[in-house]
Amino acid sequence: MPYKILEKRILTPVTKLFRIDAPLVAKAARPGQFVILRVREGGERIPLTIADYDRDRGILTLVIQEVGATTRRLGAHEVGQEILDIVGPLGNPTVIPAGGHIVGVGGGFGVAALLCLMRELTARGDKTTVINGARNKDLLILVDEVKKVAKNVELCTDDGSVGFKGFVTQRLQQMIEGGAPGKPDQVIAIGPMVMMRAVANATRDAKIPTQVSLDPLMIDGTGMCGGCRVTINGQSKFACVDGPCFDAHQVDFDEAVRRGKMYVQEQDVAAKKLAAAAAGGV
């Protein structure tokens, strides 16, 4: 069943937002879950975290970063075009105890996955803060949208072009030490693996419960292929069925980073083939 693209926004040169007509997926979606999609027949299956959903209108929101050939193909799609298939929602919803100060840390396009979660946490009465970070102000995404779903928003840029000058973990450390808007009671981090590892290190000594959303290599999304294996507290888990959110202090990040780089060369080859085909008008 094809899924029609209703809206497309270019957030950065390589980051795109799509709103898609997907009523069954939107109706069942919960914060923290993901979908697996194919852009074309015979194409690879890629997992994408659900950024947002509108159950009443049947609209699913996805944010992609163009890294490999498939995300580049998807990024080239325009309003009115269709995605071949979307399977989901998959994975377990994010569960965070009510009450207290909940801080979401979003690195780069990872902040998109905090939208629906922070909306629900704020709606139930929690104090919510989002730390939205990027290398510079031009790479910060969804700033206005995040301000609508969280009570506090902290912008961070590596170069200081807007907001706090430094990494999201440095701003988080200030809050842990009592700086405004206050020490977190719970933290959830979504973004690059190295960023999530740094967040886990920052909260470990302070004994602040922390979750991370892992996005390892994945194929079927049902726990059968074993491609998304991660080590949690010394035990093998599958991100697709046991996660994707896990206790950050139990994740073997060294292994996760290594596994995430296993097919970088193949990814580059596929991207070059796609570029060559586009240049040749194929």
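Our subject is the structure listed above.
Please read all numbers here as calculations on a predicted model, not as lab measurements. (Residues numbered from 1 in each chain as written. Predicted model: local features only at pLDDT ≥ 70, side-chain atom pairs only at ≥ 80, totals over all residues. Heavy atoms only, no water.)

**Topic: the overall build of the protein**
Within the protein one finds nine helices and 16 strands. Against the 2.2 N^0.38 benchmark of 19 Å for 282 residues, the protein shows a C-alpha radius of gyration of 18 Å, consistent with a compact globule. Its C-alpha atoms give the protein principal-axis dimensions of roughly 55 × 40 × 40 Å. Among the 282 residues that make up the protein, the fraction classed as buried is 50%. For the protein, the share of sequence-separated contacts (at least 6 apart) that also reach a separation of at least 24 residues comes to 63%. Surface summary for the protein: the accessible area is close to 13,200 Å², and the carbon and sulfur share equals 51%. If the 35 positive side-chain charges of the protein are averaged to one point and the 31 negative ones to another, these points end up 1 Å apart. (Helix = DSSP H or I, 4+ residues; strand = E, 2+ residues; numbered from the N terminus. Rg over C-alpha atoms; globule rule 2.2 N^0.38 Å. Buried < 20%, exposed > 50% of the residue type's maximum accessible area, 1.4 Å probe, protein only. Contact = heavy atoms within 4.5 Å. Areas by Shrake-Rupley, 256 points an atom, 1.4 Å probe, with all protein chains shown as cover. Lys, Arg positive; Asp, Glu negative; His and termini not counted. Charge placed at Lys NZ, Arg CZ, Asp CG, Glu CD.)

**Observations regarding helix 6 (residues 193-204)**
The end-to-end C-alpha distance of helix 6 is 16 Å, a good match for the 16 Å that twelve residues give at a rise of 1.5 Å each. What helix 6 keeps buried is the set Met193, Met195, Met196, Val199, Ala200, Ala202 and Thr203. Its buried side turned inward, helix 6 meets strand 8 (101-107), helix 5 (168-176), strand 12 (186-190), strand 13 (210-213) and helix 8 (253-260). (Expected span 1.5 Å × (residues − 1).)

**As for the sheet that holds strand 8**
Strand order in this open sheet of seven strands is 11-10-9-8-12-13-16, and the pairing throughout is mixed. With partners counted over all chains shown, the strands left at the sheet margins are strand 11 (164-165) and strand 16 (245-247), one partner each. Sheet strands touched by helix 5: strand 8, strand 9 (127-134), strand 10 (152-157), strand 11 and strand 12. Its angle to strand 9, the strand with the most contacts, is close to 150°. (Pairing = 2+ DSSP bridges. Axes fitted to C-alpha atoms, helices over the stretch in contact; angles between N-to-C directions.)

**Some points on empty space enclosed by the protein**
Per the counting criterion, the structure on display carries two cavities of 30 Å³ or more. Of the voids in this model, the largest cavity is the one considered here, and its volume is about 40 Å³. Looking at the largest cavity, the residues that line it are Met193, Pro216, Leu217, Arg229, Val230, Ala256, Arg259 and Gly260. Listed by contribution, the elements that provide at least two residues to the lining of the largest cavity are strand 14 (229-232) and helix 8. Among the elements that make up the lining of the largest cavity, the one with the highest residue count is helix 8 (three residues). Broken down by class, the residue content of the lining of the largest cavity amounts to five nonpolar, one polar and two charged. (1 Å grid on protein atoms, 1.4 Å probe; cavity = no way out; pocket = protein on both sides within 12 Å on 5 of 7 lines; lining within 4 Å. Points joined across faces, edges and corners; volume = space filled by probe spheres on them. Nonpolar A, V, L, I, M, F, W, Y, C, P; charged D, E, K, R; others polar.)

**Some thoughts on helix 3 (residues 115-123)**
Within helix 3 the residues assigned to the buried category are Leu115, Cys116, Leu117, Met118 and Leu121. Residues of helix 3 that are buried in the fold lie against strand 4 (46-54), strand 8, strand 9, helix 4 (143-149) and strand 12. Positioned one or two residues after helix 3, Gly125 has a phi angle of 105°, which is positive.

**Section: the packing of helix 5 against helix 6**
Viewed as axis vectors pointing N to C, helix 5 and helix 6 meet at an angle of 20°, and their least axial separation amounts to 10 Å. Comparing their axes, helix 6 and helix 5 come out roughly parallel. As helix 5 packs across helix 6, the resulting crossing turns out to be right-handed. On the side of helix 5, the interface is formed by Val168, Thr169, Leu172, Gln173 and Ile176, while helix 6 contributes Met195, Ala198, Val199, Ala202 and Thr203. Of the residues assigned to the contact of helix 5 with helix 6, the class counts are seven nonpolar, three polar and no charged. (Parallel < 35°, antiparallel > 145°, perpendicular 65-115°, else oblique. Left-handed = near helix turned anticlockwise from the far one by under 90°.)

**Considering the packing of helix 6 against helix 8**
Taken N-terminus to C-terminus, the directions of helix 6 and helix 8 make an angle of 175°; their axes are 10 Å apart at the nearest point. Taken together, the axis directions place helix 6 and helix 8 in an arrangement best described as roughly antiparallel. Contacts between helix 6 and helix 8 involve Met193, Met196, Arg197 and Ala200 from the former and Phe253, Asp254, Ala256 and Val257 from the latter. Grouping the constituent residues of the contact of helix 6 with helix 8 by class yields six nonpolar, no polar and two charged.

**Some details on the pairing of strand 12**
Of all five residues making up strand 12, five are buried, and the element is well covered by its neighbours. In strand 12, alternate side chains face the same way, and those of Gln186, Ile188 and Ile190 on one face and Val187 and Ala189 on the other are all buried.

**Quick look at the pattern of salt bridges**
Opposite charge on two side chains makes pairing possible when the charged atoms of those side chains draw close. Within this structure, the stated rule accounts for eleven salt bridges. Among the ionic pairs, Glu41 bridges to Arg38, the shortest N-O distance being 3.6 Å. In this structure Arg38 comes out as buried when scored by relative accessible area, which is 18%. Across the pair Asp52 and Arg119 runs a salt bridge whose closest N-O atoms are separated by 2.8 Å. With Asp52 in strand 4 and Arg119 in helix 3, the pair connects residues that are 67 residues apart, well separated along the chain. Connected through shared salt-bridge partners, Arg38, Glu41 and Asp85 make up one network. (Salt bridge = Lys/Arg side-chain N within 4 Å of Asp/Glu carboxyl O.)

So yeah, pure geometry; function would need other evidence.
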